[in-house]
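# A look at the structure
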Amino acid sequence: MSTSKYVAASFSVNIEHLHALGVRDPYSEQSLQLYHSGKLNANERLYFSLWGSSELSTSLIRAKTRFARQGEPVSSAYFVIKGAVLGVKGDDIYRLGPGSVIGLAEGVGGLPYNMDAIAVDDVQVRVFPIYVISKLVKNMPPGLKGILKSTVMRTLQLTSPPPLLS
């Protein structure tokens, strides 16, 4: 049995690129013009949308803090705005940076966190309370709900949709 862990995946939106384009505040006129210009890729647009969402609260997680524990119920999902997070699942390590979402699929799917999440340095996150997401899902247009259902099922490798998305 191997005792070594390895990096299984890494994800991060290039926020330095966004800063170079003038995106430092999601509400500034320059940022909004860039968002509508079509010059951002899909991950950058998602990052921008969640960063500026009035539905989410902002929180700072201090370095070396474990803020999600594998197997525990998901009460909140986290969208990383700034900083680095390690996701640890068995021998797999995931390097997660800005743009990463932790716990959303599990929360919507009614499952516990599938990995531990530990802040490497101070991490700024936007917090999604799962009860708020549950309310939003009930009022989603059918097409958007279908996309969410497909994404959650693929992410969690489910064979049938979770009750919230049925």
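### Thoughts on the packing of helix α2 (residues 29-37) against helix α3 (residues 42-51)
- At their nearest, the axes of α2 and α3 sit 11 Å apart, and the two run at 140 degrees to each other. Judged by the inter-axis angle, α2 sits oblique to α3. Between α2 and α3 lies a crossing of left-handed hand. In contact with Ser-31, Leu-32 and Tyr-35 of α2, α3 contributes Arg-45, Phe-48 and Ser-49.
- The residue makeup of the contact of α2 with α3, split by class, is 3 nonpolar, 2 polar and 1 charged.

### Some thoughts on the pattern of salt bridges
- According to the stated counting rule, one finds 3 salt bridges in the structure shown.
- When the shortest N-O distance is used, the salt bridge between Arg-62 and Asp-122 registers 2.9 Å. Of the two residues, Arg-62 is situated in the loop between β2 (57-61) and β3 (66-68) and Asp-122 in the loop between β8 (116-119) and β9 (123-129); the sequence distance between them amounts to 60 residues.
- A relative accessible area of 36% places Asp-122 in the partly exposed class.
- As a salt-bridge pair, Arg-66 and Asp-116 come within 2.4 Å of each other at their nearest N and O atoms. Of this pair, Arg-66 sits in strand β3 while Asp-116 sits in strand β8; the two residues are 50 residues apart in sequence, bridging distant segments of the chain.

### Some remarks on the environment of Ala-77
- Of note, Ala-77 is situated in strand β4 (residues 76-82).
- On the basis of relative accessibility, which here comes to 0%, the residue Ala-77 falls in the buried class.
- Sequence separation of Ala-77 and Arg-126 is 49 residues, and the distance between their C-alpha atoms is 8.5 Å.
- In this structure, Ala-77 is in contact with Ile-102, Gly-103, Leu-104, Arg-126, Val-127, Phe-128 and Ile-130, ignoring residues within four places of it in sequence.

### Things to note about the sheet that holds strand β7 (residues 101-102)
- Spatial ordering of the open sheet is given by β2-β9-β4-β7, a layout of 4 strands whose pairing is antiparallel. With one partner strand each, in any of the chains shown, β2 and β7 form the two edges of the open sheet.
- Here β4 runs beside β9; their pairing, made up of 6 bridges, is antiparallel. In the sheet register, Lys-82 faces β9, and the bridge partner there is Gln-124.
- Contacts between α3 and the sheet are confined to β4 and β9, with β4 contributing the most and set at about 110 degrees to the helix.
- On top of the sheet, helix α5 (residues 130-138) reaches β4 and β9; it is set at about 50 degrees to β9, its chief contact.

### A few points about helix α6 (residues 142-156)
- Under the 1.5 Å per step criterion, the end-to-end length of α6 is 21 Å for 15 residues, consistent within 8% with the ideal 21 Å.
- Taken together, the buried positions of α6 are occupied by Leu-148, Val-152, Met-153 and Leu-156. Down the axis of α6, the buried side of the element spans an arc of 125 degrees, and every buried residue falls inside it. Set apart from the buried face of α6 by more than 90 degrees, the exposed residues are Ile-147 and Arg-154.
- Its buried side turned inward, α6 meets α4 (104-109) and α5.
- Once α6 ends, the next one or two residues include Gln-157, with phi positive near 55 degrees.

### Some remarks on unusual backbone geometry
- The backbone of Lys-64 sits at a positive phi, close to 70 degrees, despite the residue not being glycine.
- Within the secondary structure, Lys-64 is located in the loop between β2 and β3.
- Judged by relative accessible area, which is 74%, Lys-64 ranks as exposed.

Conventions and cut-offs
- Residues numbered from 1 in each chain as written.
- Predicted model: local features only at pLDDT ≥ 70, side-chain atom pairs only at ≥ 80, totals over all residues.
- Heavy atoms only, no water.
- Axes fitted to C-alpha atoms, helices over the stretch in contact; angles between N-to-C directions.
- Helix = DSSP H or I, 4+ residues; strand = E, 2+ residues; numbered from the N terminus.
- Parallel < 35°, antiparallel > 145°, perpendicular 65-115°, else oblique.
- Left-handed = near helix turned anticlockwise from the far one by under 90°.
- Contact = heavy atoms within 4.5 Å.
- Nonpolar A, V, L, I, M, F, W, Y, C, P; charged D, E, K, R; others polar.
- Salt bridge = Lys/Arg side-chain N within 4 Å of Asp/Glu carboxyl O.
- Buried < 20%, exposed > 50% of the residue type's maximum accessible area, 1.4 Å probe, protein only.
- Pairing = 2+ DSSP bridges.
- Expected span 1.5 Å × (residues − 1).
- Arc of directions from axis to C-beta.

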